[in-house]
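One letter stands for each residue in the lines below.
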Amino acid sequence: MNKLFALLGGILLSLSSIAQDIKPVWSKTFGGGGDLFQRVIEAGNGSVIAVGERSAQTLGGKDGLVVILNYSTGAVVKEVRFGGVKDDVIYDIATTPQGFFLLAGYTESIGKGGHDGWLLLIDEKGRKIDEKSIGGVGKDELRQIEILPDGSAMVLAGFKNDQKDGDAWLLKLSLKYE
């Protein structure tokens, strides 16, 4: 038991010394009330890309938000909003084998239902290449995206509600963007 306490004490001491050495290199804030980022990734070109939602000064409702920043300085390279006249939110981002970025979330502006899963494909400069909505008549959202190691497909996680209580949703789609 004493060895366990000694081990835990050593771990806590190590963590506290690491925490003292952590200092911000840069810090940025964006938007106004209700804006938030859901995910950030390193883009492989000296940039980081953050995705989420913007609630202030939108195209209508919430907009999907993409911010590309210089990794070293934090300087904004590009800030882009995606969406229509209703709520549109981006939850996740993944890099495709071709070097594009696939975004997952939900849209109320396009699609079959009033609230469908939403996929967007953008390039390294934040330009939209393609978009698709996926869902039925209920509330459907894509919350996470994972590109399979061989690059042939993607697996999406979220929830699907076809006019019932709702279900956890896993979806595999082939990845055929060139």
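Our structure's up above, just so we're on the same page.
Described in the following lines is the structure provided in the data block. (Residues numbered from 1 in each chain as written. Predicted model: local features only at pLDDT ≥ 70, side-chain atom pairs only at ≥ 80, totals over all residues. Heavy atoms only, no water.)

### Focus: the overall build of the protein
From N to C terminus, the protein includes one helix and 11 strands. Reading the helices (α) and strands (β) of the protein from amino to carboxyl end gives α-β-β-β-β-β-β-β-β-β-β-β. Scored against the burial criterion, the 178 residues of the protein give a buried share of 40%. Sequence-distant contacts, at least 24 apart, represent 39% of the contacts inside the protein between residues at least 6 apart. For the protein, the accessible area works out to roughly 10,200 Å², and carbon and sulfur atoms hold 54% of it. (Helix = DSSP H or I, 4+ residues; strand = E, 2+ residues; numbered from the N terminus. Buried < 20%, exposed > 50% of the residue type's maximum accessible area, 1.4 Å probe, protein only. Contact = heavy atoms within 4.5 Å. Areas by Shrake-Rupley, 256 points an atom, 1.4 Å probe, with all protein chains shown as cover.)

### Some details on the sheet that holds strand E8 (residues 128–134)
If you walk across this open sheet you meet the four strands as E5-E6-E7-E8, and the pairing is antiparallel. Each edge of the open sheet is held by one strand with a lone partner, namely strand E5 (88–95) and E8. Adjacent strand axes in the sheet meet at a mean angle of 20° when their direction is disregarded. For E5 and strand E6 (residues 101–107), the ladder comprises seven bridges, and the chain directions are antiparallel. Counterpart to Ala94 in the pairing with E6 is Leu102. (Pairing = 2+ DSSP bridges. Axes fitted to C-alpha atoms, helices over the stretch in contact; angles between N-to-C directions.)

### What about the sheet that holds strand E4 (residues 76–82)?
One open sheet holds the four strands; their spatial order is E1-E2-E3-E4, and the pairing between them is antiparallel. Both edges of this open sheet fall to strand E1 (36–42) and E4, since each of them pairs with a single strand only. Ignoring which end each strand starts from, the neighbouring axes of this sheet average 15° apart. As paired elements, strand E2 (residues 47–54) and strand E3 (residues 63–70) share eight bridges and run antiparallel to each other. Residue pairing for E3: Val48 is matched across the bridge by Leu69.

### As for the pattern of salt bridges
Pairing between side chains of opposite charge can happen when the charged atoms of each approach one another. A complete count under the given rule lists 10 salt bridges for this structure. Between Lys160 and Asp140 there is a salt bridge, with the nearest N and O atoms lying 3.7 Å from each other. Here Lys160, found in strand E10 (residues 153–161), pairs with Asp140, found in strand E9 (residues 139–147); they are 20 residues apart in sequence, far enough to count as distant. Residue classification places Asp140 among the buried residues on the basis of a relative accessible area of 0%. The network of salt bridges with shared partners includes Asp35, Arg54 and Glu79. (Salt bridge = Lys/Arg side-chain N within 4 Å of Asp/Glu carboxyl O.)

Don't take any of this as a statement about function, it's just geometry.
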